[in-house]
Amino acid sequence: MSLLSVRVLTEAVFGATVEAAAIIAALALYPSGTGEEHHTAGSRPEAPSDGTVPFPAISADSPVLLVHGLSSNRAIFHVMRRGLRQAGFRRVAMLNYSWLSNDVRSAARLLADEVERVCEGSGHERVHVIGHSLGGVIARYYVQRMGGDARVHTLVTLGTPHQGTLTAMVPLPHQAIRQLRPGSDVLVELTGPAPGCGTRFVAFHSDLDEMVVPTANARLVHPDLQISNVPVRAVGHVSLPLHGRVVAEVCRVLGDARVAEPLAAA
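These numbers come from a predicted model, not from an experiment. (Residues numbered from 1 in each chain as written. Predicted model: local features only at pLDDT ≥ 70, side-chain atom pairs only at ≥ 80, totals over all residues. Heavy atoms only, no water.)

(A) Examining the overall build of the protein more closely. Within the protein, the secondary structure is distributed over seven helices and six strands. Secondary structure elements of the protein occur, N-terminal to C-terminal, as α-β-α-β-α-β-α-β-α-α-β-β-α. Within the protein, buried positions represent 50% of all 266 residues. A sequence separation of at least 24 residues applies to 81% of the contacts in the protein between residues at least 6 apart. With an accessible surface of roughly 12200 Å², the protein has 60% of that area assigned to carbon and sulfur atoms. (Helix = DSSP H or I, 4+ residues; strand = E, 2+ residues; numbered from the N terminus. Buried < 20%, exposed > 50% of the residue type's maximum accessible area, 1.4 Å probe, protein only. Contact = heavy atoms within 4.5 Å. Areas by Shrake-Rupley, 256 points an atom, 1.4 Å probe, with all protein chains shown as cover.)

Below is the structure:
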């Protein structure tokens, strides 16, 4: 066996061990993530009469909104939230939704309302969004199909099956799961034209993601979108929002956004 094969095998075993620990941690944290975070409600601004949508510059202290995935809640972002705050993002909010009672479209409407509440409560015009797994599809639907690019500067997805996943082929009745199947109506809709979309997309995909099959389906490919695909080695699906290396890279990506935007406008 070559040294390369030994290294790959070692990484896979270590990653699987970390994933098992992450699943146990997620289950332990789950009760702490029940309920909703409350924000002052605000009205949604109307688009200008000419149909154009302005894209305000991102602020150095723009809020970050976290959206969880299947069988999860906001507790999965315990490590991510702490890392973001340590990196200087003082306003970090989290959306809780029920994947059992909400499909992608209805959850995207909840996200739209939450973004407006966060903007109203913080005084900021744009936010960053981080979506894990199904949460990334929900956030992407909001951005691409509901005009959310006027509000979202950067959308980071972690292990999101942008091209569907074969694990969603299990015979379960829940619509949210069916919408993650390759070729679903939602995923086909998201392949449609998105001219002028003002959101930057950063898609993290791992070679050890056991929930996105094949793992390359967590890559985002679309001719109209501004996309960066970030490969991650030996990190499992549940581990992605809890893994220190991933959290650090997400913080760097969002930190670069708040530095680069004012420079670009100068």
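(B) Examining the sheet that holds strand β2 (residues 92-95) more closely. As summarised here, the arrangement of the six strands in space is β2-β1-β3-β4-β5-β6, forming an open sheet in which the pairing is parallel. Edge positions in the open sheet fall to β2 and β6 (226-232), since each of these has one partner strand only. The mean angle between the axes of side-by-side strands here comes to 20 degrees, regardless of whether they run parallel or antiparallel. Here five bridges tie strand β4 (residues 152-158) to strand β5 (residues 200-206), and the two strands are oriented parallel to one another. The residue of β5 that forms the bridge with Leu 158 is Phe 204. Its contacts with the sheet put helix α3 (residues 104-122) on β1 (64-67), β2 and β3 (127-132), and the angle it makes with β2 is roughly 155 degrees. (Pairing = 2+ DSSP bridges. Axes fitted to C-alpha atoms, helices over the stretch in contact; angles between N-to-C directions.)

(C) Seen up close, the environment of Gln 179. With respect to the helices, strands and loops of the structure, Gln 179 is situated in the loop between α5 (175-178) and α6 (185-190). Residue Gln 179 is classed as buried on the basis of its relative accessible area of 1%. In contact with Gln 179, other than residues within four places in its own chain, are Asp 103, Val 104, Arg 105, Ser 184, Asp 185, Val 186 and Leu 187.

(D) Up close: the side chain of Ser 106. Tracing the sequence through the fold places Ser 106 in helix α3. Its relative accessible area of 14% is what places Ser 106 among the buried residues. At a separation of 3.3 Å, a polar atom in the side chain of Ser 106 contacts the side chain of Asn 102. (Polar contact = N/O pair within 3.5 Å; in protein donor to acceptor, adjacent residues only side chain to side chain.)

(E) Examining the pattern of salt bridges more closely. Per the stated rule, a full pass over the model turns up eight salt bridges. Between Glu 116 and Arg 151 there is a salt bridge whose closest N-O contact spans 2.9 Å. Note that Glu 116 is positioned in helix α3 and Arg 151 in the loop between α4 (134-145) and β4, a separation of 35 residues in sequence. Judged on exposure class, the residue Glu 116 and its partner Arg 151 are both buried. Between Asp 207 and Arg 233 there is a salt bridge, with its nearest N and O atoms 3.9 Å apart. Residue Asp 207 is located in the loop between β5 and β6, and its partner Arg 233 is located in the loop between β6 and α7 (244-265); the two are separated by 26 residues in the primary sequence. When its relative accessible area of 41% is taken as the criterion, Asp 207 is described as partly exposed. (Salt bridge = Lys/Arg side-chain N within 4 Å of Asp/Glu carboxyl O.)

(F) Up close: unusual backbone geometry. Here the bond from Val 213 into Pro 214 is cis, since omega is -5 degrees, no more than 30 degrees from zero. Not every positive phi belongs to a glycine, and Ala 234 is a case in point at roughly 55 degrees. For Ala 234, the location among the structural elements is in the loop between β6 and α7.

(G) The arrangement of α3 in detail. Taking 1.5 Å of rise per residue, 19 residues should cover 27 Å, and α3 covers 26 Å from first to last C-alpha, within 8% of that figure. Turning to α3, its buried residues number three or more, namely Val 104, Ser 106, Ala 107, Ala 108, Leu 111, Ala 112, Glu 114, Val 115, Glu 116, Val 118, Cys 119 and Ser 122. Its buried side turned inward, α3 meets β1, β2, β3, α4 and α6. Gly 123 lies just past α3 and shows a positive phi near 80 degrees. (Expected span 1.5 Å × (residues − 1).)

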